Amino acid sequence: MHTKYYGRAIELDGRGRIVMPRILREAAQLYGKVDLQGNLDHVEVWNHVRFVEILKNRPIMKIDERTLQDSGV
């Protein structure tokens, strides 16, 4: 649902970068450092502090390691 509300087409700038619109940065609280999480068909941009908290609360489990290994990662 949020994708439809906040989603919009964005073009690369002259140096090949993506500049996220302010409304997206504010909605995701992207101030200062950010983390990128690559997926097969998209990239997620996270607030660094929030991302670290999620990692602390959800450590990698054996099944996660197996899934990564089965995926060739």
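Right above here is the structure, for reference.
The rules behind the values
- Residues numbered from 1 in each chain as written.
- Predicted model: local features only at pLDDT ≥ 70, side-chain atom pairs only at ≥ 80, totals over all residues.
- Heavy atoms only, no water.
- Helix = DSSP H or I, 4+ residues; strand = E, 2+ residues; numbered from the N terminus.
- Rg over C-alpha atoms; globule rule 2.2 N^0.38 Å.
- Buried < 20%, exposed > 50% of the residue type's maximum accessible area, 1.4 Å probe, protein only.
- Contact = heavy atoms within 4.5 Å.
- Phe/Tyr/Trp six-rings, centres within 6.5 Å; stacked < 30°, edge-to-face > 60°.
- Lys, Arg positive; Asp, Glu negative; His and termini not counted.
- Salt bridge = Lys/Arg side-chain N within 4 Å of Asp/Glu carboxyl O.
- Polar contact = N/O pair within 3.5 Å; in protein donor to acceptor, adjacent residues only side chain to side chain.
- Pairing = 2+ DSSP bridges.

Visitor: Help me get a handle on the overall build of the protein chain, residues and values and all.
Guide: Secondary structure assignment for the protein chain yields 4 helices and 2 strands. For a compact globule of 73 residues, the expected C-alpha radius of gyration is about 11 Å, and the protein chain comes in at 15 Å, more than 25% above that figure. Counting over 73 residues, the protein chain shows a buried share of 7%. Intrachain contacts of the protein chain at a sequence separation of at least 6 include 3% that bridge at least 24 residues.

Visitor: So, the packing of aromatic side chains: which residues are in play, and what are the values?
Guide: Under the definition given, this model contains 1 aromatic pair. Both rings, one in Trp46 and one in Phe51, keep their centres 5.6 Å apart while their planes meet at 50°; by these two values the pair is tilted. Take Trp46: its relative accessible area is 22%, and that puts it in the partly exposed class.

Visitor: If you had to explain the side chain of Asp35 to someone new, which residues and values would you point to?
Guide: Residue placement: Asp35 occurs in strand β1 (residues 34–38). Of the side chains bearing the opposite charge, Lys33 lies closest to the buried Asp35, which forms no salt bridge; the N-O distance is 8.2 Å. Side chain to side chain, Asp35 and His48 meet in a polar contact 2.8 Å long. Beyond its immediate sequence surroundings of up to four residues, Asp35 is in contact with Glu44, Val45, Trp46, His48 and Phe51.

Visitor: Residue-level account of the environment of Lys33, with values.
Guide: Along the chain, Lys33 falls in the loop between α2 (22–27) and β1. You can call Lys33 exposed: its relative accessible area is 64%. Along the primary structure Lys33 and Asn47 are separated by 14 residues, whereas in three dimensions their C-alpha atoms are 6.9 Å apart. Not counting residues up to four positions away in its chain, the partners in contact with Lys33 are Asn47 and His48.

Visitor: Account for the pairing of β1, with residues named and values stated.
Guide: Relative to strand β2 (residues 43–47), β1 runs antiparallel, the two being bridged by 5 bridges. Within the sheet, the bridge partner assigned to Gln37 lies in β2 and is Glu44. Turn length for the β1-β2 hairpin, with the two strands adjacent in sequence and antiparallel, is 4 residues.

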